[in-house]
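# Structure assessment
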Amino acid sequence: MTYKSSVPLYWRLRKSKYNLIGTKCANCNSVFFPPRALCPNCRRRGKTENFRFSGKGKILTYTIIRAPPEGFERDAPYGVAIVRLDEGTNVTAQIVGDINKMEIGKRVSMVFRKIHEDGEDGLIRYGFKFQLIE
Amino acid sequence: MTRVAVIGAAYTKFDEHWEKSLRDLSTEAGALALRDAKIEGSDIQALYIGNMSAGSFTGQEHLAALAVDEAGLTPIPATRCEAACASGALAFRNAYIAILSGEYDIVVAAGAEKMTDLKGTDAIATLMGAGDQEWESSIGLTFVGLYALLARAHMHRFGTTSEQLAMVSVNNHKNATLNELAQFPAEVTVEQVLKSPLIADPLRLLDCSPITDGAAALVLVSEEVARRFENPVWILGCGQASDALALDNRKSLVEMNATKVAARQAYGQAGLEPKDIDIAEVHDCFSINEILAVEDLGFCEKGKGGKFVEEGKIARDGEKPINTTGGLKAIGHPVGATGIRQIADLVMQLRGNYGKLQINGVKRGLALNIGGSGATAITTILGKEPKPTTY
Ligand SMILES: [Zn+2]
C-alpha cells in the first residue's frame, strides 16, 4: 500500500540513497541517476560503471506536499523538487530549509537526512535531501 | 485487413457504490453494452478488461476470468490489461488489435475499478503505484504531487495561471450537469476552485479528479459483422506510446512525449490532422493535464493551452469541445474504467442521438487516456464514417 520497505530493498539501494551514486556509461559519457544496468543510448555497446555525483544542482520544478502519505505526516508540509545535477541528470528529492523560498533555478546541495519511519518499530530509512544554497 | 467498429457502448453510474462490488459493476456495464449492441452473450468471442489495482483496492486479482464467470460467458478467453490509469484504453486497443489480426469478430472491451473499499488515504497511496516506487513514492511524493511538479514547470515556462487551471475544472463540471451518470454534476466557479485547499502547490482540491467506483464496456466488431448493424461507429486510428515512469527521467517537464507519439500514430492511421477532430475526451485527472493534452494533441501551440482554455475554445459551444460530458474531474475517475468510458461517450456523440449531451454535427472524435504521470498514452480516433479502404 504505502511504501513499506523490506530490509533487502533498503539494503540494495543504500549506495545510491546515501551517497548519490549512479552510473556513467564509459562509451558515451552519459550519467544516470538512479543507476541503470543498461545505457539506453548505447545499449549493448555501452559500458556502465558507478559514478558519484557531486550533489550540487539547481531546482527545475518544485511543489509543497500538504496531504502526505502514511509515514510522512510529521514532516508535512514539505517541499519536493526535481533537481538538475551539475553533471547533467535529474533527481527528485525533498527540500529542507525554508521551503517558501523554493524557486525554479535556485541552487541546492545534497544533505544526508532521515527520510521515513515505517511505524513505531519499523525501519528508519535515511537518504538524500537537498538544501537551498542562500 | 478488416476495419473495426464499435456497436455497443455503456457505462454504469460513476459514484461511491457502497452497495456494489467490482464484479457487480463490471457485469452491469457488460450487460448494458450488450443490450445497447443488441447482441447476445453467446456471440462474444473474447473479453479484454482494463483494471489498475483490484489487488490493492479490493484484494481481488485474476479479474478477467472473474468478469466472464460473473457474466456467464465462460469459457471464452479473458485478458486483464494494466497500464495504471490508461488500463481502459489499453484493453480497448488490445481488443481492436485482436479483431484486426483476424482472430475474432466480436470482442468486448471493458474497464472497471472499485476504489472506495479502501479508506481514502490508502486509495491515494495505491494510485501512487503508477509512479516510481523506489525513487518517487519513497521520498514522500504523492500522485497529485507529480502533476503539481508538471504544473509548476508549465506556469514558470509559459505563464500559465492558476485561474486558467481552475477554468478546466469549471468547464468540466458545467458539462457534467447534463450527465446523469456523473459523480459530481454540479457547477463550480473559478473562485471556488481557487479557495479550495492546496493539496500540492500549485494544485488545489478542485484541480483533482475524485475517487470513484464504476465500470464501462464496449462491443467491438469486424467490418463484416458491423455491416449487419445500424449506426456503427468506426475506429479510424489507435496509437500507444511509453515514456519514463519517473518524471525526473523525462526529456521535458512541459510536455508529454508519449501523448505526442501516440497522437501522431493515430492521426497517421486515420489520415487526419488535429483540425479535423470535432470533439475530444482528454485525461483531466488533474487540471494541468487537460492543458498539456490540448497542446500535445496539436489543438493549439505548445505553451498556449492555458489561453486556449481561457478563451472558451474547450466549451461545448466552443471551437474544440473537450470533455463534453464532464471529464474525469466531474464524471469521476474509476481508473481502469475511464479509458473505456471516454470512448463510450465519443461513440454516443458520433451516433448523433445522445439526448441533452449531444453536440451537433460531430463526425470525428478523439480520446486520450493517460497512465500515471504520462508514462503510457493511448490515443484513439473514432469516426461516423469508416476510413476509405486503400487496399
Ligand atoms: Zn552510453
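Residues numbered from 1 in each chain as written. Chains lettered and ligands numbered in written order. Predicted model: local features only at pLDDT ≥ 70, side-chain atom pairs only at ≥ 80, totals over all residues. Heavy atoms only, no water.

## Structural notes on the overall build of chain B
Here is the rule: Numbering goes from the N terminus for both helices and strands, where a helix is a DSSP run of H or I of at least four residues and a strand is a run of E of at least two. Our radius of gyration looks at C-alpha atoms and nothing else; its globule reference is 2.2 Å times the residue count to the power 0.38. Each residue gets one of three labels from its accessible area relative to the maximum for its type: buried under 20%, exposed over 50%, partly exposed in between, using a 1.4 Å probe on protein chains only. It only takes one pair of heavy atoms within 4.5 Å for two residues to be counted as in contact. In this description, accessible areas are obtained by the Shrake-Rupley approach with a 1.4 Å probe, and a residue is regarded as covered only by the protein chains that are shown. Residues scored as charged are limited to Lys and Arg (positive) and Asp and Glu (negative), so that His and the chain ends carry no count. A single reference atom marks each charge: NZ on Lys, CZ on Arg, CG on Asp, CD on Glu.
Each helix and strand counted, chain B has 14 helices and 11 strands in total. Here the C-alpha atoms of chain B give a radius of gyration of 19 Å, agreeing with the 21 Å that 2.2 N^0.38 yields for 391 residues. For the C-alpha atoms alone, the extent of chain B along its principal axes is close to 55 × 45 × 40 Å. Counting the 391 residues in chain B, one finds 64% classified as buried. Relative to all contacts within chain B whose residues are 6 or more apart in sequence, the contacts with residues 24 or more apart total 77%. Carbon and sulfur atoms make up 50% of the accessible area of chain B, which amounts to about 13600 Å² in all. Across chain B, the centroid of the 36 positively charged side chains sits 5 Å from that of the 48 negatively charged ones.

## Comments concerning the coordination of the zinc ion
All names here are of chain A. Note the following rule: Metal-coordinating donors are taken as N, O and S atoms lying within 2.8 Å of the metal, or within 3.2 Å when the metal is Na, K or Ca; because water is left out, some sites can appear incomplete. By the criteria applied here, four donors are tetrahedral when all angles lie between 85 and 135 degrees, four are square planar and six octahedral when opposite donors are over 155 degrees apart and every other angle lies between 65 and 115, and any other arrangement is irregular.
Taken together, Cys25 (SG), Cys28 (SG), Cys39 (SG) and Cys42 (SG) make up the protein donors of the zinc ion, found 2.2 to 2.3 Å from the metal. The site at the zinc ion holds four donor atoms, and with the angles between them running 103 to 116°, its shape is tetrahedral. Sequence positions of the residues that donate to the zinc ion give the spacing C-x2-C-x10-C-x2-C. Taken together, the residues span a long stretch of sequence, with Cys28 in the loop between β1 (21-25) and β2 (31-32) and Cys39 in the loop between β2 and β3 (48-52) at a distance of 11 residues.

## Some words on the packing of aromatic side chains
What counts here: Only Phe, Tyr and Trp rings are paired, with Trp represented by its six-membered ring, and only when their centres lie within 6.5 Å; those with planes under 30 degrees apart are stacked, over 60 edge-to-face, the remainder tilted. We count a charge as sitting over a ring when the NZ of a lysine or the CZ of an arginine lies within 6 Å of the ring centre and within 35 degrees of the ring normal.
All chains considered together, the criterion is met by 13 aromatic pairs over all chains. With 6.5 Å between their ring centres and 10° between their planes, Phe92 of chain B and Tyr96 of chain B make a pair best called stacked. One end of the pair is Phe92 of chain B and the other is Tyr96 of chain B, both in helix α4 (residues 87-100) and four residues apart, which spans about a single turn. Taken individually, Phe92 of chain B and Tyr96 of chain B each receive the classification buried, so the pair is uniform in this respect. Judged by centre distance (5.0 Å) and plane angle (35°), the rings of Tyr147 of chain B and Phe286 of chain B are tilted. Remark: Phe286 of chain B occurs in the loop between β9 (279-281) and α11 (287-296) and Tyr147 of chain B occurs in helix α6 (residues 143-158); sequence separation between them is 139 residues. Residue Tyr147 of chain B shares its accessibility class with Phe286 of chain B, and that shared class is buried. Each member of the aromatic cluster is reached from another via a ring pair, and the members are Phe33, Phe51, Phe53, Phe128 and Phe130 of chain A together with Trp135 of chain B. The side chain of Lys17 of chain A reaches across the aromatic face of Trp135 of chain B, ending 4.3 Å from its centre.

## So, the nonpolar core
Residue and element names in this part refer to chain B. What counts is decided by this rule: Residues enter a nonpolar core if they are buried and are Ala, Val, Leu, Ile, Met, Phe, Trp, Tyr or Cys, with the set joined through side-chain atoms within 4.5 Å.
Phe143, Tyr147, Val219, Phe286, Leu297, Phe299 and Ile381 are the most contacted members of the largest nonpolar core, which totals 103 residues. No other element matches the 10 residues that α6 contributes to this core. Ignoring anything within four residues of it in the chain, the contact list for Val219 reads Ala5, Val6, Ile7, Gly8, Ala33, Leu34, Ala37, Ile39, Ile106, Val107 and Val108. In this structure, Ala83, Tyr104, Ala330 and Ile378 belong to the second largest nonpolar core, which totals 47 residues.

## Structural notes on the interface of chain A and chain B
As a reminder, the rule being used: The term buried area denotes the loss of accessible surface (1.4 Å probe radius) that occurs when two parts are joined, taken as the sum for both partners. A side-chain nitrogen of Lys or Arg and a carboxyl oxygen of Asp or Glu constitute a salt bridge if their distance falls within 4 Å. Nitrogen and oxygen atoms within 3.5 Å of one another constitute a polar contact, given that in protein one can donate a hydrogen and the other can accept it, and given that sequence-neighbouring residues count only through two side-chain atoms. For this classification, the nonpolar set comprises Ala, Val, Leu, Ile, Met, Phe, Trp, Tyr, Cys and Pro, the charged set comprises Asp, Glu, Lys and Arg, and every other residue, Gly included, is treated as polar.
Facing 35 residues of chain A, the contacting portion of chain B comprises 29 residues. For the pairing of chain A and chain B, the buried interface totals around 2800 Å² over both sides, and the portion due to carbon and sulfur atoms is 63%. At the boundary of chain A and chain B, one finds two salt bridges. Its salt-bridge partner being Arg66 of chain A, residue Asp201 of chain B comes within 2.7 Å of it at the nearest N-O pair. One can count 14 residue pairs in polar contact (both at pLDDT 80 or more) joining chain A with chain B. For the side of chain A that touches chain B, the secondary-structure elements that each account for two or more residues are α1 (7-12), α2 (14-19), β4 (56-65), β5 (78-85), β6 (90-96) and β8 (124-132) of chain A. If one sorts the elements of the side of chain A that touches chain B by residue count, β4 of chain A sits on top with six residues. Considered class by class, the residues forming the side of chain A that touches chain B number 22 nonpolar, seven polar and six charged.

## A closer look at the side chain of Asn175 of chain B
Residue and element names in this part refer to chain B. With respect to the secondary-structure elements, Asn175 resides in helix α7 (residues 162-176). Under the relative-accessibility criterion, Asn175 is labelled buried at 3%. The contacts of Asn175, once residues within four sequence positions are left out, are Arg316, Ile322, Asn323, Thr324, Thr325, Gly326 and Leu357.

## Regarding helix α10 (residues 257-270) of chain B
All names here are of chain B. Note the cut-off: The span you would expect from a helix comes to 1.5 Å times its residue count less one. The arc in question is the one spanned by the directions pointing from the helix axis to the C-beta atoms.
For α10, with 14 residues, the first-to-last C-alpha span of 20 Å sits near the 20 Å given by 1.5 Å per residue. All of the buried residues along α10 are Ala258, Thr259, Ala262, Ala263, Ala266, Tyr267 and Ala270. All buried residues of α10 fall inside an arc of 155° around its axis, so they share one side. Seen from the buried face of α10, the exposed residues on the opposite side, beyond 90 degrees, are Arg264 and Gly268. The inward-facing, buried residues of α10 abut β8 (233-242), α11, β10 (364-371) and β11 (376-383). Two residues or fewer after α10 comes Gly271, characterised by a positive phi angle close to 65°.

## Description of the packing of α4 of chain B against helix α14 (residues 335-351) of chain B
Residue and element names in this part refer to chain B. Put simply, the rule is: In this analysis an axis means a line fitted to C-alpha atoms, helices contributing only their contacting stretch, and an angle means the value between N-to-C directions, from 0 to 180 degrees. When an angle is under 35 degrees it counts as roughly parallel; over 145 it counts as roughly antiparallel; between 65 and 115 it counts as roughly perpendicular; any other value is oblique.
Two elements in contact, α4 and α14, have axes separated by 5 Å at closest approach and are oriented at 60°. Looking at the two axes, α4 sits oblique to α14. Touching Ser87, Gly88, Ala89 and Phe92 of α4 are Gly336, Gly339, Ile340 and Ile343, all from α14. Counted by class, the contact of α4 with α14 contains four nonpolar, four polar and no charged residues.

## Notes on the environment of Thr189 of chain B
Residues and elements named next belong to chain B. With respect to the helices, strands and loops of the structure, Thr189 is situated in the loop between α7 and α8 (190-195). Residue class for Thr189 comes out partly exposed when judged on its relative accessible area of 36%. The spatial distance from the C-alpha of Thr189 to the C-alpha of Gly312 is 14 Å, given a sequence separation of 123 residues.

## Topic: the sheet that holds β11 of chain B
Residue and element names in this part refer to chain B. We count it as follows: Strands are labelled as partners when DSSP assigns at least two bridges between them.
Read from one edge to the other, the open sheet built from nine strands follows the order β3-β2-β4-β7-β1-β8-β11-β10-β9, with strand pairing classed as mixed. Two strands in the sheet have a free side with no partner beyond their single neighbour: β3 (78-81) and β9. On average, each strand axis in the sheet is inclined to that of its neighbour by 25°, with strand direction left out of account. Packing against the sheet, α14 makes contact with β1 (4-11), β2 (46-50), β4 (106-113), β7 (214-222), β8, β9, β10 and β11, and its axis sits at approximately 110° to β1.

## Concerning the pattern of salt bridges
All chains considered together, the criterion is met by 24 salt bridges over all chains. One salt-bridge network, held together by shared partners, links Arg3, Glu223 and Arg227 of chain B.

## Some thoughts on the sheet that holds β3 of chain A
All names here are of chain A. Strand order in this open sheet of three strands is β2-β1-β3, and the pairing throughout is antiparallel. The strands lining the two open edges of the sheet, one partner per strand, are β2 and β3. Examined bridge by bridge, β1 and β2 share two bridges and lie antiparallel to one another. Bridging from a neighbouring strand, Lys24 pairs with Val31 of β2.

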